[in-house]
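Coordinate analysis (summary)
Single-letter residue listing:
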Amino acid sequence: MAINAQEISALIKQQIENFQPNFDVTETGVVTYIGDGIARAHGLDNAMSGELLIFENGSYGMAQNLESTDVGIIILGDFTDIREGDTIRRTGKIMEVPVGDALIGRVVDPLGRPVDGLGEVKTDKTRPVETPAPGVMQRKSVSEPLQTGLKAIDALVPIGRGQRELIIGDRQTGKTSIAIDAILNQKGQDMICIYVAIGQKESTVRTQVETLRQYGALDYTIVVTASASQPSPLLFLAPYAGVAMAEEFMYNGKHVLIVYDDLSKQAVAYRELSLLLRRPPGREAFPGDVFYLHSRLLERSAKVSDELGGGSITALPFIETQAGDISAYIATNVISITDGQIFLSDSLFNGGVRPAIDAGSSVSRVGGSAQIKAMKKVAGTLRIDLASYRELEAFTKFGSDLDAATQAKLNRGRRTVEVLKQPVHEPLPVEKQVVILYALTHGFLDSVPVDDILRFEAELFDYFDAHHEGIYETIRRTKDLPEEAALDAAITEFINQSSFK
């Protein structure tokens, strides 16, 4: 068979014309150091701050320190089989997490990977973990209340949608219970909740998840967990991952409640990372930017303007104090960035006052604008009553004789403390809170023995449920008190037919 040179030539020309160069160019580097959750790599000259990098073993890393000779990387995952000399490559993408409705009801790690055994999270939407907070003109002032269902909070330190209210106190004073109750109370309120557990025991997180599931709250909640056994980069990242998930809902006009439990552990994890990255230490060995660590996180909580959808993120950050010292470094930092704080007292908790909220040290800088009119009217004098009771209580320990006015103040104070007590995981709707606080401030409880206050409250609610549902409905609909005469008559009617007459 004769070879036709022209045919071969034509074929080669055709192949050259149709040739499509298909280069896959990735910038790679070499790992020069590996430590506890930290790596250094040489050769990634164009890496961006916060960029996602991939190691040879498939683990992800995030560029943190960009230096003249190498890049400091925090490792997000297993680092035990990464070796010096391994290759590492850039992805060209800033660190991001999956977001969207598919995450609701799931328990995920800070990278958005499910840890609840229910299969993969089916979403194609992602958001970067670090984004600028909404600007001054993109925000609205806080005006809608966020009801926690806890009388002591909704009456004394009200929280509004878009607010950042710090929960601060020693360990084992009921901080997490307050957050869980606030989440339980959002049922039917068109609110999505995100619970970020930072550095907690996995058994503790499991207990909280089961509590949420038991009360039907997991249907509108995302749990992000970076447990105590995880490397510190994941603990550092967890709150940012949580707020990125929250922003997806906020910018779609929805309302979100996010709980950071707790930021003390995040600060400790960040200190560990910074020291391993050889950043210069400052006070208490924390790096110089530890304030910025929390401010750039909490500033992302806001009530955004109608042009941006009118959604909101309400943040409840936690700080754990040592022996009630609220003047510690991290505590004062976070107090200065938030719109108030709820201080939980060790002595009140041990004295049986639960929730153990210290009304004197707690404050909401949004205040009355986050309360409905009815609550404002019944809770107006409550804080002063409580403060003067605490003051008088200290004097009575000296055993001096008391005049009638002082005795009356003390009696009212004891009943106020008793009314503000509440069992765990039993949040109250706002209309029931208003009714019992009205009864308290208008003297209906003054003759009820202190030990019977909680029984009085339960029976009063049952009576109103059966005979005066219209009063509850009026408070729900108008957000204001019904006619005082009607309310007085209903409470008097209950007292006359009860054992408290």
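Predicted model, so just to flag it, every value in this text is computed and none were measured.

Taken as a whole, this structure holds 31 salt bridges when the rule is applied. Residues aspartate 101 and lysine 254 are paired through a salt bridge, measuring 3.7 Å at the closest nitrogen-oxygen approach. Note that aspartate 101 is positioned in the loop between strand E7 (96–98) and strand E8 (107–108) and lysine 254 in the loop between helix H5 (232–250) and strand E13 (255–261), a separation of 153 residues in sequence. Across the salt bridge formed by lysine 377 and aspartate 480, the nearest N and O atoms sit 2.9 Å from each other. Note that lysine 377 is positioned in helix H10 (residues 373–379) and aspartate 480 in the loop between helix H15 (469–478) and helix H16 (484–497), a separation of 103 residues in sequence. Several salt bridges converge on common partners, so that one network encompasses Arg139, Arg164, Glu299 and Asp339.

What follows deals with the sheet that holds E8. The strands that make up a sheet are held in pairs by hydrogen bonds between backbone atoms, and each pair lies either parallel or antiparallel. Pairing is mixed across the open sheet formed by eight strands, whose spatial order is E8-E12-E11-E13-E14-E10-E15-E16. A strand with exactly one partner marks an edge of an open sheet, and here the two such strands are E8 and strand E16 (363–364). As paired elements, strand E10 (residues 166–169) and strand E15 (residues 340–344) share four bridges and run parallel to each other. When the bridges of E15 are listed, glycine 169 appears paired with leucine 344. Each of E8, strand E11 (191–198) and strand E12 (221–226) is contacted by helix H4 (residues 202–214), which is oriented at about 175 degrees to E12, the strand it contacts most. On top of the sheet, helix H6 (residues 263–276) reaches E11, E13 and strand E14 (312–320); it is set at about 75 degrees to E14, its chief contact.

Turning our attention to the environment of valine 71. With respect to the helices and strands, the residue valine 71 is situated in strand E5 (residues 71–76). Overall, valine 71 belongs to the buried group, its relative accessible area being 4%. Distance in space between the C-alpha atoms of valine 71 and serine 143 is 46 Å, their sequence separation being 72 residues.

One can find threonine 416 in helix H12 (residues 404–419). Note on threonine 416: relative accessible area 0%, which makes it buried. Not counting the four nearest positions on each side in its chain, threonine 416 is found in contact with Leu382, Leu386 and Leu440.

In terms of nonpolar packing, the biggest core is built from 80 residues, with Ile183, Met375, Leu437, Phe456 and Phe464 touching the most fellow members. Here this core takes eight residues from helix H13 (residues 430–441), the largest share from any one element. A domain split of this core shows at least three residues from each of domain 2 (98–371) and domain 3 (378–497). Judged by nonpolar contacts, the second largest core, of 60 residues, contains Leu166, Leu234, Ile258 and Val304.

Attention shifts here to helix H7 (residues 290–298). Counted residue by residue, H7 has seven buried out of nine residues, so it is predominantly covered. For H7, the elements touching its buried residues are H5, E13, H6, E14 and helix H8 (329–337).

This part is about the domain arrangement of the protein chain. What the domain assignment lists for the protein chain is domain 1 (23–94), domain 2 (98–371) and domain 3 (378–497). When each unit is reduced to the centre of its C-alpha atoms, the spacing between domain 1 and domain 3 is 61 Å.

Here the distance between the centres and the angle between the planes together describe a pair of aromatic rings. The final tally for this structure, using the stated rule, is six aromatic pairs. A cation sits over an aromatic face here: arginine 271 above phenylalanine 286, 4.3 Å from the ring centre. The ring of tyrosine 292 has arginine 296 sitting right over it, with the charged end atom 4.8 Å from the ring centre.

Taken together, the six strands give a closed barrel; going around it, the order is E1-E2-E5-E4-E3-E6, and neighbouring strands pair in antiparallel fashion. On average, each strand axis in the sheet is inclined to that of its neighbour by 45 degrees, with strand direction left out of account. As paired elements, strand E4 (residues 60–66) and E5 share six bridges and run antiparallel to each other. By the bridge assignment, asparagine 65 is partnered in E5 with glycine 72. Of the strands in this sheet, E4 and E5 are in contact with H5, which crosses E5 at around 85 degrees.

A word on the environment of phenylalanine 349. Turning to its location among the elements, phenylalanine 349 is positioned in helix H9 (residues 346–350). Taking relative accessible area as the criterion, phenylalanine 349 reaches 18% and is therefore assigned buried. When residues no more than four places from it in sequence are discounted, the contact partners of phenylalanine 349 are Gln172, Thr173, Gly174, Arg354 and Ala356.

On a regular strand, each side chain points to the face opposite its neighbour's, so the side chains alternate between the two faces of the sheet. The pairing of strand E1 (residues 28–34) with strand E6 (residues 87–94) spans three bridges and is classified as antiparallel. Considered in E6, the bridge of threonine 28 is made with arginine 89. Of the pairings in the sheet, the one linking strand E3 (residues 51–55) to E6 comprises four bridges and is antiparallel in character. Looking at E6, one finds that isoleucine 54 is bridged to arginine 89.

The next point concerns the pairing of E1. Here four bridges tie E1 to strand E2 (residues 38–42), and the two strands are oriented antiparallel to one another. Directly across from tyrosine 33, in E2, lies its bridge partner arginine 40. Between E1 and E2, which pair antiparallel in sequence order, lie three residues; one of them, glycine 37, sits at a positive phi of approximately 75 degrees.

On to the UniProt feature "site: Required for activity" (unreviewed entry) in the protein chain, then. UniProt records the feature "site: Required for activity" (unreviewed entry) at Ser362, using the numbering of this structure. Residue position: serine 362 is located in the loop between H9 and E16. Those residues within four positions of serine 362 in sequence are excluded, and the remaining contacts are Val157, Gln341, Ile342, Phe343, Ile357 and Arg383. Looking at serine 362, its side chain comes within polar contact range of the main-chain nitrogen of phenylalanine 343, at 2.8 Å.

Helix length check: helix H11 (residues 382–396) (15 residues) gives 21 Å between terminal C-alpha atoms against 21 Å at 1.5 Å per residue, within 8%. Those residues of H11 that fall on the buried side of the exposure criterion are Leu382, Leu386, Ser388, Tyr389 and Leu392. Contact partners of the buried residues in H11: helix H2 (151–156), H10, H12 and H13.

Rules used in this analysis
- As a convention, each chain's residues are numbered from 1 in the sequence order in which they are written.
- Where local features are concerned, this predicted model is filtered to residues with pLDDT of at least 70; where side-chain atom pairs are given and counted, the filter is 80 or more; whole-chain, interface and lining totals use all residues.
- No hydrogens and no water enter the side-chain calculation; it runs on all heavy atoms of the structure.
- A side-chain nitrogen of Lys or Arg and a carboxyl oxygen of Asp or Glu constitute a salt bridge if their distance falls within 4 Å.
- Per the convention used, a helix needs a DSSP run of H or I reaching at least four residues, while a strand needs a run of E reaching at least two, with both numbered from the N terminus.
- Strands are treated as partners if at least two bridges between them are detected by DSSP.
- Residue contacts are defined here by distance: any two heavy atoms, one from each residue, within 4.5 Å place the two residues in contact.
- All axes are obtained by fitting lines to C-alpha atoms, using only the stretch in contact for helices, and the reported angles, taken between N-to-C directions, cover 0 to 180 degrees.
- When accessible area is computed with a 1.4 Å probe and restricted to protein chains, residues below 20% of their type maximum are described as buried, those above 50% as exposed, and intermediate ones as partly exposed.
- Within this scheme, the nonpolar core is defined by two criteria: the residues are buried Ala, Val, Leu, Ile, Met, Phe, Trp, Tyr or Cys, and they are joined through side-chain atoms within 4.5 Å.
- What fixes the domain bounds is an automatic or database domain assignment.
- Within 6.5 Å between ring centres, the rings of Phe, Tyr and Trp (the latter by its six-membered ring) count as paired, and their orientation is classed by plane angle as stacked under 30 degrees, edge-to-face over 60, tilted in between.
- Two thresholds decide whether a charge sits over a ring: the Lys NZ or Arg CZ must be within 6 Å of the ring centre and within 35 degrees of the ring normal.
- UniProt positions are given in the numbering used here, feature names are shortened, and annotations may be inferred rather than shown by experiment.
- Here a polar contact is recorded for every N or O atom pair within 3.5 Å, except that within protein the pair must consist of a potential hydrogen donor and a potential acceptor, and residues adjacent in sequence are included only if both atoms are side-chain atoms.
- Under the convention used throughout, the expected extent of a helix is 1.5 Å for every residue step, that is, one less than its residue count.

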